[in-house]
Amino acid sequence: MTLEQMKAELSLPTIPKAFDALYEQMKDTWQDRAALILSDHFVTEVVEKSGQMTAYLEKIREGARAIRENPALSLLVCLLEGYMGLDTKPDNSYIAPEGEGVAYDMLHLFPTMPMIVKAIDNFRQRKVPEDVIAYTMKIYTDIFDYSTYSHGRPIHNRQQMLWKWGAIHNRFLRIDRFNYDTPAHFLENCNAYCSESGEVAILADKVRVHTSGRILGAAGCHDEEGSFYAEVVETDTYIEGYPSTDGLIAKEKIRLPKPQWSLALTPDDLVPRIHIPAEGAFDDETVGVAFERAKKIFKECFTDTPCKAFFCESWLMSEQLKDFLKPDSKILGFQKWFIKTPLRSGGADVFDFAFRGHKIDREHPEEFPEETSLQRGVKKLYMNGEFLHEGSGIFFV
């Protein structure tokens with residue numbers, strides 16, 4: 001079967017450019033590879049060794065058998081295995097085939113299954129604690145649990161496959177309360193500076209700023225009138241630029257004297273990026289214990305990528321939340337860990353979380369539910385034609 005035949009049979013409008021080279025490498029061997037990684041024995045071995053997806057083993061086997069009977073899907077699984085094995089994180093150029101049945105429900109699980117055990121072994125070589133490894137790889141089980149709850153059957157879709165690239169390449173960790181992508185680049189639009197006394201200043205760099213103080217191009221911030229260009233200027237005696245306070249960029253410059261102040265973080269620095277799962281406690285003690293353990297693990301297990309700081313980008317970091325949440329809110333307590341940084345926000349992330357379990361029409365905010373203070377605050381913003389802007393921040397380790 002050729003690539004063109006596969007595209008035609010699966011009605012794929014396009015395929016990633018990488019597929020051409022991958023197909024050349026496997027055109028004489030893909031059938032044997034598919035027979036192996038879709039076999040009952042192989043699938044069972046991976047599930048047993050990883051300790052994940054055990055409740056779904058029979059359904060996984062059923063999906064594998066259905067794909068084995070479809071040459072086009074079998075070839076696609078092999079191509080996706082190679083695609084997910086690349087050192088560069090896959091982009092969104094892969095479009096999944098449309099279809100119904102267990103073969104399509106399970107299709108995007110099998111490309112990463114051969115890498116699960118290898119990823120676990122690599123974590124162990126780094127001496128990552130066993131509970132962290134298990135919690136990290138639990139994303140496979142969680143995906144099936146969630147889809148079974150929401151769709152009535154286990155499904156592993158395209159986006160979930162692409163998301164797991166970090167886990168199979170040992171660049172994603174679940175440590176207690178939080179997920180971490182590593183290594184990830186610090187933001188492109190600012191630098192962080194530290195003083196000898198421990199103060200931190202965030203200066204916007206090489207970015208155009210809306211009159212509101214947000215980065216031009218953020219949600220609702222496209223009007224260029226009154227905007228200005230922010231760039232850091234550094235001499236032998238000082239550092240000068242537009243500071244960010246609470247994530248908003250000031251219109252007046254500040255000057256930081258040398259050698260009292262020095263560069264601490266730039267866009268070239270790689271720092272673990274924190275992601276916040278929806279479930280779990282969010283009190284100060286839980287957050288603090290989780291962060292302290294994460295610091296220790298990154299310091300001891302990832303010595304090849306020294307960790308200077310942690311970075312977080314989320315709607316939970318929005319400075320607007322203080323306008324309608326109580327001062328003792330756990331969300332506001334979480335924000336206090338961070339020094340806010342500017343972000344070109346999209347203004348839409350809050351919907352998937354604040355209104356979880358509700359079907360809402362974003363074009364009709366007057367119909368949003370008002371069951372919580374968060375929902376009431378978000379509803380008011382969008383009814384006024386405003387947005388809840390995502391925020392971001394860092395804290396040094």
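Read on for a plain summary of the structure.

### Regarding helix 3 (residues 30-37)
1) Next: Those residues of helix 3 that fall on the buried side of the exposure criterion are W30, A34 and I37. One face of helix 3 carries all of its buried residues, which in axial projection span an arc of 80 degrees. Exposed residues on helix 3 whose side chains face more than 90 degrees from its buried face are Q31 and D32.

### Quick look at the side chain of R273
1) Next: Along the polypeptide, R273 turns up in strand 12 (residues 270-275).
2) Next: At a separation of 3.1 Å, a polar atom in the side chain of R273 contacts the side chain of E313.
3) Next: Non-local contacts of R273, meaning those with residues more than four positions away in its chain, are made with N179, Y180, D181, A184, H185, F311 and E313.

### Here we look at unusual backbone geometry
1) Next: Cis geometry is found at the peptide bond from K258 to P259, where omega equals 0 degrees.
2) Next: The backbone phi angle of S11 is positive, close to 55 degrees, even though this residue is not glycine.
3) Next: Of note, S11 is situated in the loop between helix 1 (3-10) and helix 2 (18-26).
4) Next: Although it is not a glycine, N170 adopts a positive phi angle of roughly 60 degrees.
5) Next: Take N170: it is sitting in the loop between helix 12 (165-168) and strand 1 (172-175).
6) Next: Residue classification places N170 among the buried residues on the basis of a relative accessible area of 11%.

### A few points about the pairing of strand 1
1) Next: A two-sided burial pattern is seen for strand 1, the buried positions comprising F172 and R174 on one face and L173 and I175 on the other.
2) Next: Of the strand pairs in this sheet, strand 1 and strand 2 (residues 178-185) are connected by four bridges, and their pairing is antiparallel. Within strand 2, the residue paired with F172 across the bridge is D181.
3) Next: The hairpin turn running from strand 1 into strand 2, its antiparallel successor, is two residues long, and D176 in that turn takes a positive phi close to 55 degrees.

### Side note on the sheet that holds strand 12
1) Next: Strand order across the open sheet formed by six strands is 1-2-12-13-15-14, with mixed pairing between neighbours. Where the open sheet ends on each side, the last strands, each with one partner, are strand 1 and strand 14 (339-341). In this sheet, neighbouring strand axes are inclined to one another by 30 degrees on average, regardless of whether the strands run parallel or antiparallel.

Calculation notes
- Numbering of residues starts from 1 in each chain and follows the order in which that chain's sequence is written.
- Since the coordinates come from a predicted model, pLDDT governs what is reported: local features require at least 70, and pairs of side-chain atoms require 80 or more to be given and counted, while whole-chain, interface and lining totals use all residues.
- Where side-chain values are given, they derive from all heavy atoms of the structure, hydrogens and water being excluded.
- Throughout this description, buried means an accessible area under 20% of the type-specific maximum (1.4 Å probe, protein chains only), exposed means over 50%, and partly exposed covers the range between.
- Strands are runs of DSSP state E lasting at least 2 residues, helices are runs of H or I lasting at least 4, and numbering of each runs from the N terminus.
- Working note: the arc is built from the helix axis to C-beta atom directions.
- Under the rule applied, a polar contact is a pair of N or O atoms within 3.5 Å (in protein, one hydrogen donor and one hydrogen acceptor; residues adjacent in sequence only if both atoms are side-chain atoms).
- Whether two residues are in contact is decided by their heavy atoms, any of which lying within 4.5 Å being enough.
- Pairing between two strands is assigned when DSSP locates at least 2 bridges connecting them.
- Angles here are taken between N-to-C directions and fall from 0 to 180 degrees, while the axes themselves are lines fitted to C-alpha atoms, restricted in helices to the stretch in contact.

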